[in-house]
Every structure is written in structure tokens, then in C-alpha cells.
Amino acid sequence: MNTFLLKKGTPALALLGLALAGCQPDIDAPGIDKGSADFTKYVAVGNSLTAGFGDGGLYREGQLNSYPNILAGQFKAAGGGDFTQPLFTEAQLNGSGYLRFTGFGATGSPLTVNVTNNLAVVGAVPTRAGNQFTYAKYLDPINNLGVPGIRMSDIETPGFGNTALNGGTFLAPTPIFNSYFERITPAGSNQTYRQRVAASAPTFFTFWLGNNDVLGFATAGAAASSLTPIADFTRLANGILDDLTANGAKGVVATIPDVTNVPFFTTVGPSFRASLPATASVVVTTGPVFTGTGAPTRKTIPRDDIRDANGNGKQLFTLTASPYVTLYGRTNNGKAWRDVYAQARPSLPPNVDLRLFLTVNGIDTTKAFGASTENPMPSTLVLDDLEQPAVLARTTAFNDALKSKANEKGLAIFDANQFFAEVAARGFAINGTNNTAGFIAGNLFSLDGVHPTPRGYAVIANEMIKAINAKYGSSLQAVNPNAYRAIIFP
Amino acid sequence: MNLKTLLLAGGALLSGTAASAGGFQVSLAGIKNNGMGGVGVGLSLDQAAMFYNPGALAMVRERGVQIGGNATFARSAFRSQFGGEQRELRNSVVTPFSVFAGFGSSDNKFAAGIAIYTPFGSKLQYADGWEGRFSLTDIDLKSIFVQPTVSYAITDQLSVGGGLVILAYGAVNLQRDIPIEGQPGVPGHVTLDGKALTKIGFNGGIYYKPTDKLSIGASYRSRIDATVDGGEVEFKNVPTSVGARFTATEFDVTLPLPATTSLGVGFMPSEKLTVALDVNYVQWSAYKSLDFKFRGNNGAGGLVAPSGQVGGVTSSSSRREYEDAFTFRLGGQYQLTDAFTVRAGGSYDLSPVKDGFVTPETPDANRLGLTAGISYKVNDRFGVDVSTQFIDLQERTQTQDELTAAGTVDRVAGTYKTRIVIPGIGFNYTF
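About the thresholds
Residues numbered from 1 in each chain as written. Chains lettered and ligands numbered in written order. Predicted model: local features only at pLDDT ≥ 70, side-chain atom pairs only at ≥ 80, totals over all residues. Helix = DSSP H or I, 4+ residues; strand = E, 2+ residues; numbered from the N terminus. Rg over C-alpha atoms; globule rule 2.2 N^0.38 Å. Buried ≥ 20, exposed ≤ 12 C-beta atoms within 10 Å, placed from the backbone. Core = buried A, V, L, I, M, F, W, Y, C linked by C-beta atoms within 7 Å. Domains from an automatic or database assignment. Contact = placed C-beta atoms within 7 Å. Pairing = 2+ DSSP bridges. Axes fitted to C-alpha atoms, helices over the stretch in contact; angles between N-to-C directions. Nonpolar A, V, L, I, M, F, W, Y, C, P; charged D, E, K, R; others polar. Parallel < 35°, antiparallel > 145°, perpendicular 65-115°, else oblique. Left-handed = near helix turned anticlockwise from the far one by under 90°.

## Brief notes about the overall build of chain B
The secondary structure content of chain B amounts to four helices and 24 strands. In terms of C-alpha radius of gyration, chain B reaches 23 Å, essentially the compact-globule figure of 22 Å for 431 residues. Of all 431 residues assigned to chain B, the portion counted as buried reaches 52%.

## Focus on the nonpolar core
Among the nonpolar cores identified, the biggest contains 121 residues, and A:Phe207, A:Val252, A:Phe317, A:Ala461, A:Met464 and A:Ile468 are the most heavily contacted of them. Residue contributions to this core peak at ten residues, all from helix α16 (residues 454-472) of chain A. A domain split of this core shows at least three residues from each of domain 1 (42-259 + 387-483) and domain 2 (264-383) of chain A. If near-sequence neighbours (up to four positions away) are discounted, A:Phe317 is found in contact with A:Val268, A:Gly269, A:Phe272, A:Ile306, A:Val325, A:Leu381 and A:Val382. Ranked by size, the runner-up nonpolar core spans 84 residues in total, among them B:Ala74, B:Ala111, B:Leu167 and B:Leu174.

## Concerning the environment of B:Leu255
Residues and elements named next belong to chain B. Its place among the elements puts leucine 255 in strand β14 (residues 250-257). Of the residues examined, leucine 255 has 21 C-beta atoms within 10 Å and is grouped as buried. Note: C-alpha distance between leucine 255 and alanine 286 (31 residues apart in sequence) is 9.3 Å.

## Quick look at the sheet that holds strand β10 (residues 250-254) of chain A
Residues and elements named next belong to chain A. Spatially, the five strands line up as an open sheet ordered β6-β1-β9-β10-β15, and their pairing is parallel. In the strand order of this sheet, the two ends are held by β6 (144-146) and β15 (412-414), each with one partner. Neighbouring strand axes in the sheet, compared pairwise and without regard to direction, differ in orientation by 15° on average. Taken together, the five bridges between strand β1 (residues 42-46) and strand β9 (residues 204-208) define a ladder with parallel strand orientation. Each bridged residue has a counterpart across the sheet, and for alanine 44 the counterpart in β9 is threonine 206.

## Focus: the interface of chain A and chain B
Contact residues are listed per partner, giving 30 residues for chain A and 42 residues for chain B. Of all the secondary-structure elements, those providing two or more residues to the side of chain A that touches chain B are α1 (2-21), β2 (99-104), β16 (428-430) and β17 (433-435) of chain A. At five residues, the largest contribution of residues to the side of chain A that touches chain B is made by α1(A). Partitioning the side of chain A that touches chain B into residue classes produces 17 nonpolar, eleven polar and two charged.

## Some details on the packing of helix α4 (residues 67-76) of chain A against α16(A)
All names here are of chain A. With their axes 8 Å apart at the nearest point, α4 and α16 run at an angle of 50° to one another. The angle between α4 and α16 falls in the class oblique. Crossing of α4 against α16: the hand is right-handed. Residues Tyr67, Ile70, Leu71 and Gln74 of α4 form the contact with α16, whose own contacting residues are Tyr457, Ala458, Ile460, Ala461, Met464 and Ile465. A breakdown of the residues in the contact of α4 with α16 according to their chemical character gives nine nonpolar, one polar and no charged.

## Here we look at the packing of helix α7 (residues 212-219) of chain A against helix α14 (residues 388-408) of chain A
All names here are of chain A. Two elements in contact, α7 and α14, have axes whose closest approach is 10 Å; the angle formed by their N-to-C orientations is 170°. One finds that α7 runs roughly antiparallel with respect to α14. Residue-level inspection shows Asp213, Val214, Phe217 and Ala218 of α7 in contact with α14, the latter providing Val391, Arg394, Thr395 and Phe398. Per-class residue counts for the contact of α7 with α14 are five nonpolar, one polar and two charged.

## Points about the pairing of strand β15 (residues 260-267) of chain B
All names here are of chain B. Across the two faces of β15 the burial differs, with Thr260, Ser262, Gly264 and Gly266 buried and Thr261, Leu263, Val265 and Phe267 not buried at all. Of the strand pairs in this sheet, strand β12 (residues 214-221) and β15 are connected by eight bridges, and their pairing is antiparallel. Paired with serine 215 across the strands is glycine 266, a residue of β15.

## What to know about the domain arrangement of chain A
Its domain assignment divides chain A into domain 1 (42-259 + 387-483) and domain 2 (264-383). With 19 residues of domain 1 of chain A in contact, the opposing surface of domain 2 of chain A contributes 22 residues.

Right, dumping it as C-alpha cells:
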């Protein structure tokens, strides 16, 4: 009888199996629509961020994970065309070289080494600022026009991609060519960046330019480089955006994030502060390291005025200050000033040797480093509260100019400044991972403390997609940022 | 097939299931009840009354043993808020089971019995590399309860009963990826694996059958806190440079298995037809948060590394904030012939999980259940019951913004949709 039941039961089980196969639920894939935008030819205009720069270098992995490349992948589903980048070859995949994370030092600070194999370096051109590398050229048509290091103030500089533009002499200085623009520019051509962009004739573009017009000044602790004048910035930005939209192209304009929120400025200070006795203070110089008109002003920073992880205190130490803050209080220590001299040497008058440099700056390296007015920490290591307002005000002015022009042209705006301020204040969780603006553990910023990781670039791409969808009524899909790497730990 | 082999087969089926009642509760005791939408509180069908309403056991005229097993086929789809393909579970089948044995005094005043069943459980294996991997990759939650029960018929119409609800076996295995990579695409991984301590609760019920055509019942099952003390923590693929942040070897956790209050009513318009209605009220609000404590030192961070670290902390707390929830059940049976009885029913189960709090371990939503069943009486002593349930969870979406607002960023943003099919078979033997 039982056997009979089993025999009868077998077909029933088979039927059940069929029913189960049909049981799998499906969630409709979201529709993808281009809206009023046309992604047929997408061109990315910008600097290192657009090129995919990270870990202090431009290399193939970073290029492949650049936000324009991620965006182009999503555009493709909405009628976007091919997107070509000036990729380094597999044989030269390490490009300019970059930083690799090797572990933590005794004090818990991260250690890095330079990757120096499989580079794309093909030469070195003598310039006023010293020898400058050149990289294997890439002259095919490209869609990613991201040029690391370019400022808005550079876009109309003829010969910006020509090695002949070597900086002139100390008494008759000229601009110096950009190695990355030189890489994508035919030899001998004096085409400007603006001309190159205008000739690209996109149907859709992203535009994220101007960061370096404040960044170089800020990362040098306001001791070198300069802030681009607002009038120049506005004129150049308006001009290049007019070019881009001349044929009705649509696009996104990104604003310039407040650089003081990046790990480059928020990592060393808190740990340095924690290492100091409560009553200690730090003596620094403020402003340019060498004006030739006398010793720079000293500034005394009480310990508790160093900004900590919670935002208490105002003074910011750069990531490059990391090897020097551990020398605090040591007598007979001239390392910081010797290194500053070496960096400044190309821009100093030929007759200024180390002894004169120290004398003019009023330095006596026998005194306690960072703890005496005679041996202060160089201004290059600190962005102090006298220097920060200049950076902030200029960032705001540039962003106002960019947003105003974008609105005039009916372009989408990715307010990177607002976004990264949010990330710095509250973090940015994605699918069970908590991302912050912190160094190493924050996932979003690479080992140079300024440029994003591939995951950071994916987040940027998603935010741009949000802005594009909102402006053009498109329904582009975001990417999963967690599918892009953050820091790789040894 | 004799009873002994059946019992052995049951022993091999120790497992929980993707829940078929809100949260991680499984209501699969009694194959007859399964076919009727899970009603039973207001009925005295058979020995499974020990689970639904121990007060009704004394009114179960037949004394006997029944054993039931179910196969739970859960099929789930997930789409991330951040795009990408649809993710589906790695298919798994789990098999909740139940055994009920009831005995009675010759005057039908007293009845006693023992029940073994699996009221809480969950097993989900997510697709490799799915978007929620840093929240959960696998969960296997098992529990087996043993319940000695007594019941007493105060009058021919009124009976009461109660049982000791013993959490005899409980096991948890939770796995997730750690968002730290030693090489691209290879994140760390942590497994928490532990056995629950034996805990004792109780259930009780009252059953009243004023006429041949109407019966009413009420029952209560107490809360039990399932506690793992010293479960095992195991890490995989954690980069050596961060070893000091992952030193834990043991964990402690407590998971509340909530109290349930039920009311049921049965109508018997004719001898052949029974219709019943149940309402369950589950006090899920006991589940505020899932808190782990970690200890031990695996030496991965060297001699000076702090102990009990999982990601640099020695404890974790994840918000649950469940709400008390109702389940409504309606079902009936009709005796076609002396041998065949057919059943049908349905249930609607309100989710205890609030918007923004859905976790991958319980991708819960309101559930609609449809059931059917059939019994075949082989002879006066032996019968076979077959049931099948189809449970449809409403599609449910939560966005990253909602998670951030709720303080629940340890889970994943996207849309879940789940269906469960649960065929079951039971054998009963009366003596």
C-alpha cells in the first residue's frame, strides 16, 4: 500500500518541481532612457581627477577606473558611443609611477613606497624648475581630455603641450609645458588646451577644471604656487564653456571641493596634536618661504589650536608634514629647511645658496625644531588660519563663476564642493560599507590624500549621474561603488 | 515504512527554514494545519494541538503519533539601488520538521504528550559577490524545541493545557565579507558560528467547545532569549597589516524569540466541513537590536595587539526595532469520502520590520500565504497528510537615504522580492 502511494506520488513530485522552477520571482530591470541628452560623443574635460589620477600618479588601473570611463560605461546603455582614453600600454602600465601601501610604521602612520617599474617615462626635459619627465605619446583621437596638473589659467597657454616651453630663465620666466598634455599633443604643436577641447566637438561633456587653481597653493601650505585671479578664472571658464556648448552640446559642470576637507590636510594634524603635551605650542612660518625681503612672519600655534578629528582647532598640517612632525623639539635639526631649500631651489635667484637661504629666513637649526622662533616649522607644512580664508574665498568665487555659467548655458551641475563637505561631515555609507573623508580607512581617498580611489571615482560618477538624470530627464543607472577597489592593504 | 525509520528520517532533517511567518518565525507544525492556512488554535484536529493550543490536546480523541516534514524552497530576487543585474539566492532547501506524540487517560480527562518542532529558523545563501556582501553572505539559523505537554478536560466542553517549551538545540552561522581588501576583489570574510544555550519557556492554552458547531481557543507561548555564549569567530583573507584589528576568537549574542498570543475560532456547520479563523499576535518589539560582544585573541596582530577586535571594536550593535505584528489565518477542511479529506486556506502576515530596517538575514515584507492539503486514511490507524504552501512576500524597496536616516547603514539599499513554496508530508498513527 505504501509502495502504491509512492508510485502515485512520484509524478506529483515532478509536477511540484515544475511549479518550483516557476517560483523564482523577478524584479523588473529599471528602464534606461537618455532623456533630452545625447551621449553619442562624450568628451571629458578636466585635470588629474578626470584623468583618473590616484596614489600620487597616473597609471593604467587608475585610468580604467576614471570617473569618465565609468560614466561612459553607463552612457553606453543610453545610446552612448565608444569612449577612448589615452591608456598607458600593458607593458608600461605603471605610467608615471605611484605610491604603494606597504604597512604601518611604529607610530601607526601608513608607509608607502614608490612603484618604479614598468613606467611610461621616455625622457627628461631640462626646464627652469629642473628636469621634467616625458611619457610615451598617445596621439590617437581620445575622449578623455583629463590632463593632470592643468589649471584653468593654463588653458590658453600656447605650447602647453610642447617641450620647447621650458620655463625660460629666472629673469625672463615663461610657463613650463605639461608632461601629460605633451603626451597627447603631436610633437612641436603649440595647440592650446582650449583649442584641443573646442576641436573635440562633443554631443555631451563633463567639465571639472579649476581645482589646481587653488590646490597647488594650498598643498604647498600657501608657501608656493599662487591662486588664480578671479577675473582670469571667470573669463577662461566662460570661454571654454562657450566653445563646448557652441554646437548645442549638453553636459555637467562640477564645482571645486574645499580642499581643506581632504585627508591631505586632516590626517597629520590630529595625530601630531595627540603626541604633544597639553601645554606645548608649535612655531611655524606663515606665507611664502622666501620673498627676498626679509624673514617670514612667525606664528605660534598652541597645541589645542591644531585641528583634531572632531574639527576642534583651526591649523591644518599637510600630509607631507608627516616625516617632519616627529622631529618636533629636536635641536640641531635642519632636515625640514634643507628639504624646503631643495624644493625651492629652481625658483630662487642663482646666487641663493643654503646658507643665504637660511640667513634670509632667520633660521638657526641648532635650536629646537618647531619649538623655537629660530627653527620654526616651514610654512610649506602648515595651512594656517591666516592662509585658509584666502583658499576658501577663492574656491567660493570660482564655484560661483562655474555655477553661474552652467546655469546660463542650461547645464547640469555636480556640486562636488557641497558633496565632499557632506562626506567630511557625515560620511557616506554604501551597501554596508562606511566611507568617510579619512585617510586609508575612509575608502574614498587614495594614498596621496587628495585624489580619490577607484571607489571614490565611482561615487563621483554616481553623483554626476544623479545630476544628469535630474537635469535632462534621463534615467541612467548608477554603478555599485563597492565593486571598485578602495585601499589595498598589505 | 515503519515508524522507526520515520523517526530516524526525522532526525536527519534537523534544520530551520526561510521563515513562513513574519521575521524568522516558522509556522509549520502539523501538516493538516499547514494545508489550512496555519489555523489550529480554535481546533482540536490532532496531536499538533500541542503547538497551536495545548489546551485543546485533551479534546483530541485519538491518541497517537504523527511526524511531519516540510521542504522549504525559498526563491528570492534582489536589485541594488545602484543598478546592476538581479541577484538571486544560491538555491537551498531546508526541511523543518515536527513530531507529536500524544497519550491519554482512559476517561479522556487527561492527555499528555511530547512535541518536537522547529518554530524559528532561517537559511539564506546569497549570490557570490552580491551587493549586500558586507552585511551578510550566508545565514543559517536553526532551532529545535522539545515540549512536554499536559492537558486536562475540566468539562466535556472546556479544557486547559500547558507545556514546557525547551530550546533543546539552537545553532547560528552568520557570514559576511569585511570591506578590507588585501588584493582587488578579495575582501576579508568573517564567520560567526555558535550553539545556543538550552533555555526553557512555556506555553499554555484554553479550549472551549460550547456546541458541536463552534469551538474557541486561546494560547500563549512565552518569549525565550536564545543565547550563544562563546561562539566561534573565524576570519579569512584579512590582510596582515590590519591583523591587530581582527583578533577576536569568540562571540556572545542574544536573540529574542518573541512571545506569541493567539486566538482561534472554529466552525463546524456539518460533520464534514470545518472552517477556522486564527489571529496571532507576536511581540516582536522585544527585538530592539542585535548586539555582539567579541573576545579572545588569535594572535594575528602580534603579542601587543588588543584582544576581542572585530574591525577595531570589541562589540557591535545593529538596530532592529521590530514592531509587534499580527498574522491572520483562515482555513477549512472538507471530508470528501471516508478516506479523503481536502483542505485549503490562506494567511496574511504583517511584517514586524519597519521601512529602512530590512536586513539581508530577514528580507521581510508583508506575506500572503495560500495553502492546500489532502489527507488519505490508509486504514483506521494509519493516515498520510500532504500539504503545500505558497507564500508571496510583497516587493520591498529601501534606499540608501532611508538607511542613513534610520541609522541602519549596515545593510543594503535595493529591492527585495521573495517567494517560498513549502510542500509537506506527514504520517500519523493512532493507537
